[in-house]
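Inside the fold
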Amino acid sequence: MSKVIVMDHPLIQHKIGWIRRADTGSKDFRTLISEIAMLMCYEATRDLELTDVEITTPICATTVKELKGKKLAVVPILRAGLGMVDGMLAMIPSAKVGHIGLYRNEETLEPVEYYCKLPKDCDEREVFVVDPMLATGGSSVAAIQMLKDKGVKRIHFMCIIAAPEGVKRMQEAHPDVDVIVGALDDHLNEHGYIVPGLGDAGDRIFGTK
Ligand SMILES: O=P(O)(O)OC[C@H]1O[C@H](OP(=O)(O)OP(=O)(O)O)[C@H](O)[C@@H]1O
Ligand SMILES: O=c1cc[nH]c(=O)[nH]1
Ligand SMILES: [Mg+2]
C-alpha cells in the first residue's frame, strides 16, 4: 500500500489558509500555489538518494554529499498543475518537465485526455506528478496510468488539497505511488467539488471564471 504523507509544516498550512479564501485574487492565488509547491517539494524529496563526492574547499580536501544523479521529471496535469511547476523547479532546477492535459467532464466527472508530451527518457526518470486538487481521483489515476503505459516506474503524486475519496481511489489504483498532500479535506459535494476546498483551482489560477 502506498504512503499518504500529509504536510504538517506551519508555513504550508498558513499559505493553504490563504488560497482557500474566496476573496484571494488570481495574482495572490498563483503566487501562493507556487510557494506551497516549493515547500512541498522540499518535503517530498527528502528520500532522494545521496552519494559521497570528494571536493576541495578553500581550506582543505573533504567529502560532501551530492544527489545520486538520478534523473527527475515534473509532470503537471493541465491546466491547474501548471501553477505548481515554477515552485518545483525552484527546488530541482535540472528536472525535465512533461505535460499531461486532462479535464474533468462536468457531468460524468470522468477525465478527458487532450494532450501528452513527456521527456523522451521519462521511463528512466523519477517522476513527480503535480496537480493542486485530488477530488474523485479520476484525473490523477488516469495521468499516472498514462505514465506507466510509457514505462515510467518511479512515480510520486503531489497535490495541495485532497478529498478522502480521491486518496482511497489512488491507493487502490496505484498502490506503488506515494501521495503527498498539503491538506486532507472532509468530503466531496454532489458536484464533485472538495469541501471545504477552494473551488476550481484552474479557474482561480487563470482567472477564467
Ligand atoms: O480528482 P478529479 O475528480 O479528477 O478532479 C481533480 C481534477 O479537476 C481539476 O481539473 P479540471 O478538470 O477542472 O481542469 P483544469 O485544470 O483545466 O481546470 C483539478 O485540477 C484536477 O485535475
Ligand atoms: O474542488 C475541486 C474539485 C476538482 N477540481 C477543482 O479544481 N476543485
Ligand atoms: Mg478546473
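In this text, all values refer to a predicted model and were calculated from it rather than measured experimentally.

It is worth spelling out the site of ligand 1 at this point. Arg-79, Arg-104, Asp-131, Thr-136 and Ser-139 are the nearest of the 15 residues found near ligand 1. The backbone of Gly-137 places a nitrogen or oxygen atom 2.8 Å from an oxygen atom of ligand 1. Between Asp-200 and ligand 1, the recorded distance is 3.4 Å, taken from a side-chain N or O atom to an oxygen atom. Applying the majority rule of atoms within 2 Å of the grid points places ligand 1 in the largest pocket. Mapped onto the shell around ligand 1, the elements with two or more residues apiece are strand 6 (99–104), strand 9 (133–134) and helix 4 (138–149). Here the shell around ligand 1 is composed, by residue class, of six nonpolar, five polar and four charged.

A few words on the UniProt feature "binding site: 5-phospho-alpha-D-ribose 1-diphosphate" (unreviewed entry) in the protein. Mapped onto the present numbering, the UniProt feature "binding site: 5-phospho-alpha-D-ribose 1-diphosphate" (unreviewed entry) falls at Arg-79, Arg-104, Asp-131, Pro-132, Met-133, Leu-134, Ala-135, Thr-136, Gly-137, Gly-138, Ser-139 and Asp-200. Here the residues from the annotation list that line the largest pocket are Arg-79, Arg-104, Asp-131, Met-133, Leu-134, Ala-135, Thr-136, Gly-137, Gly-138, Ser-139 and Asp-200. Looking at the element boundaries, Met-133 is found in strand 9. Residue class for Met-133 comes out buried when judged on its relative accessible area of 17%. With residues up to four places along the chain from it excluded, the contact list for Met-133 reads Cys-159, Ile-161, Ile-194, Leu-198, Gly-199 and Ala-201. On the secondary structure map, Thr-136 appears in the loop between strand 9 and helix 4.

To continue, consider the side chain of Ser-2. Mapped onto the fold, Ser-2 is located in the segment before strand 1 (4–6). Ser-2 sits in the buried class, given a relative accessible area of 7%. Those residues within four positions of Ser-2 in sequence are excluded, and the remaining contacts are Gln-171, His-174, Pro-175, Val-177 and Asp-178.

Once that is clear, we can look at helix 5 (residues 164–173). Those residues of helix 5 that sit buried are Gly-166, Val-167, Met-170 and Gln-171. Burial along helix 5 is one-sided: seen end-on, the buried residues are contained in an arc of 130°. The exposed residues of helix 5 that point more than 90 degrees off its buried face are Lys-168 and Glu-172. Packing partners of the buried residues in helix 5 comprise strand 1, strand 9, helix 4, strand 10 (154–162) and strand 11 (178–184).

Take the site of ligand 2 next. Contacts to ligand 2 come from Arg-104, Met-133, Ala-135, Gly-192, Tyr-193, Ile-194, Gly-199, Asp-200 and Ala-201. Between Ile-194 and ligand 2, the recorded distance is 2.9 Å, taken from a backbone N or O atom to an oxygen atom. For ligand 2, an oxygen atom lies 2.8 Å from a polar atom in the backbone of Ala-201. The cavity that encloses ligand 2 is the largest pocket. Class assignment of the residues belonging to the shell around ligand 2 gives a composition of five nonpolar, two polar and two charged.

Moving on to the pattern of salt bridges. Side chains that differ in sign of charge can pair as their charged atoms come close. In this structure the tally under the stated criterion is 14 salt bridges. Of the charged contacts, one joins Lys-68 and Glu-49 as a salt bridge, the two residues approaching to 3.3 Å between their closest N and O atoms. Pair noted here: Lys-68 is in the loop between strand 3 (61–67) and strand 4 (72–78) and Glu-49 is in the loop between helix 2 (26–44) and strand 2 (50–56), with a separation of 19 residues, a long-range link. Between Arg-79 and Asp-203 there is a salt bridge; the shortest N-O distance is 3.1 Å. Of this pair, Arg-79 sits in the loop between strand 4 and helix 3 (85–91) while Asp-203 sits in helix 6 (residues 201–206); the two residues are 124 residues apart in sequence, bridging distant segments of the chain. For Arg-79, a relative accessible area of 33% puts it in the partly exposed group.

How each quantity is defined
- Residues numbered from 1 in each chain as written.
- Chains lettered and ligands numbered in written order.
- Predicted model: local features only at pLDDT ≥ 70, side-chain atom pairs only at ≥ 80, totals over all residues.
- Heavy atoms only, no water.
- Near = heavy atom within 4 Å.
- Polar contact = N/O pair within 3.5 Å; in protein donor to acceptor, adjacent residues only side chain to side chain.
- 1 Å grid on protein atoms, 1.4 Å probe; cavity = no way out; pocket = protein on both sides within 12 Å on 5 of 7 lines; lining within 4 Å.
- Sits in = over half its atoms within 2 Å of the grid points.
- Helix = DSSP H or I, 4+ residues; strand = E, 2+ residues; numbered from the N terminus.
- Nonpolar A, V, L, I, M, F, W, Y, C, P; charged D, E, K, R; others polar.
- UniProt positions renumbered as here; feature names shortened; annotations may be inferred.
- Buried < 20%, exposed > 50% of the residue type's maximum accessible area, 1.4 Å probe, protein only.
- Contact = heavy atoms within 4.5 Å.
- Arc of directions from axis to C-beta.
- Salt bridge = Lys/Arg side-chain N within 4 Å of Asp/Glu carboxyl O.

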